[in-house]
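# Structural characterization, general
For reference, the chains in residue letters:
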Amino acid sequence: MLDIAMEREVDGDLILSDMGQGLGLRPGILDGAISISAVQWLCNADKSCHEPRLRLKAFFGSLYRCLGRGARAVLQVYPENIAQRELILGFAMRACFSGGIVVDYPHSTKRRKEYLVLTCGPPSLSSVTPEGKGEDGESCSDEENQTAQT
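Each chain has its residues counted from 1, running along the sequence as written. Where totals are concerned, whole chains, interfaces and linings use all residues; where local detail is concerned, this predicted model gives features only for residues with pLDDT of at least 70, and gives and counts side-chain atom pairs only at 80 or more. In computing side-chain properties, one takes all heavy atoms of the structure into account and sets aside hydrogens as well as water.

## A closer look at the overall build of the protein chain
- A run of H or I in DSSP becomes a helix once it reaches four residues, and a run of E becomes a strand once it reaches two; helices and strands are each numbered from the N terminus. Each helix and strand counted, the protein chain has three helices and five strands in total.
- Overall, the protein chain shows an N-to-C arrangement of helices and strands of α-β-α-β-α-β-β-β.
- In the protein chain, which comprises 150 residues, the proportion classed as buried is 41%.
- Considering only residue pairs separated by 6 or more positions, the protein chain has 67% of its internal contacts joining residues 24 or more positions apart.
- Of the roughly 9,400 Å² of accessible surface on the protein chain, 53% is carried by carbon and sulfur atoms. Relative accessibility under 20% of the residue-type maximum defines a buried residue, over 50% an exposed one, and the middle range a partly exposed one, all with a 1.4 Å probe and only protein chains included. Any pair of residues with heavy atoms lying within 4.5 Å of one another is described as a contacting pair. Residue-level accessible areas treat just the shown protein chains as cover; the underlying method is Shrake-Rupley with a 1.4 Å probe.

## Some thoughts on the pairing of strand β4 (residues 113-120)
- Burial runs high along β4: six of the eight residues are buried.
- When DSSP locates at least two bridges between a pair of strands, those strands are taken to pair. When strand β2 (residues 67-77) meets β4, the two strands line up antiparallel, connected through six bridges. When the bridges of β4 are listed, Val77 appears paired with Glu114.
- Note that strand β3 (residues 97-104) and β4 share eight bridges and pair antiparallel. Following the sheet pairing, Ile101 is matched in β4 by Leu116.

## A closer look at the nonpolar core
- Joining through side-chain atoms within 4.5 Å is the link that ties buried Ala, Val, Leu, Ile, Met, Phe, Trp, Tyr and Cys residues into a set, and such a set is a nonpolar core. Counting residues in hydrophobic clusters, the biggest one holds 28 residues, and the most contacted among them are Val39, Leu56, Phe60, Leu63, Leu75, Phe97 and Leu116.
- When residues in this core are grouped by element, the largest group, six residues, is from helix α2 (residues 52-66).
- The contacts of Phe60, once residues within four sequence positions are left out, are Val39, Leu75, Ile88, Phe91, Ala92, Ala95, Phe97, Leu116 and Leu118.

## Describing the packing of aromatic side chains
- Working definition: a ring pair exists when centres of Phe, Tyr or Trp rings (six-membered ring for Trp) sit within 6.5 Å. Plane angles under 30 degrees give stacked, over 60 give edge-to-face, the rest tilted. Under the criterion given, the structure shown has three aromatic pairs.
- Judged by centre distance (5.0 Å) and plane angle (65°), the ring pair of Phe59 and Phe60 falls under edge-to-face.
- Using a relative accessible area of 5% as the deciding quantity, one classes Phe59 as buried.
- Of the residues examined, Phe60 reaches a relative accessible area of 0% and is grouped as buried.
- When the ring of Phe60 is compared with that of Phe97, the centres are 6.4 Å apart and the planes differ by 80°; the resulting orientation is edge-to-face. Taken together, the residues span a long stretch of sequence, with Phe60 in helix α2 and Phe97 in strand β3 at a distance of 37 residues. Neither residue differs from the other here; Phe60 and Phe97 are each classed as buried.
- Connected via pairs of aromatic rings, a cluster forms that spans Phe59, Phe60, Tyr64 and Phe97.

## Here's the deal with the side chain of Asp104
- Inspection of the secondary structure puts Asp104 in strand β3.
- Setting aside residues no more than four positions away along its own chain, Asp104 makes contact with Arg111, Arg112, Lys113, Tyr115, Gly132 and Lys133.

## Focus: the environment of Ala92
- Looking at the element boundaries, Ala92 is found in helix α3 (residues 82-94).
- Once the C-alpha coordinates of Ala92 and Leu56 are considered, the two residues, 36 residues apart in sequence, prove to be 8.1 Å apart.
- In this structure, Ala92 is in contact with Phe60, Phe97, Leu116 and Leu118, ignoring residues within four places of it in sequence.

## Remarks on the state of the cysteines
- Whenever a pair of cysteine sulfur atoms sits within 2.5 Å, that pair is classed as a disulfide. The final tally for this structure, using the stated rule, is zero disulfides.
- With no disulfide of its own, Cys96 has Cys120 as its nearest cysteine by sulfur position, at a separation of 8.9 Å.

The following block contains the structure:
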């Protein structure tokens, strides 16, 4: 993807790094962050030097630092199981984020999607975690759709 971006001479800076070693960005520089299907890979130990807990701590700590206060991060995740979901969420909360997991289409095996919706800083009325989508595509407040909020 970086090669294609360079070929197309995109505006802005390009970075190649391992998010499990932290984001090398200045504090408060980001207004928001989006990730699709990347965070759960921090739970794998692909090399002997990879410790999932340390990688999650480095990622969420650095993400918190580089986001402006009140900024949001929405991270689509595909955890292997509930324990992995709780591990990811736990490290996000330890980094001082507020928010939780939002599940779209919780009863579907094909359409189910999980999002970690985080706000940088303590919870407030303006940082309410959105509701997930039900089987009919409409928002619903079923407890299965919103779990582990703080």
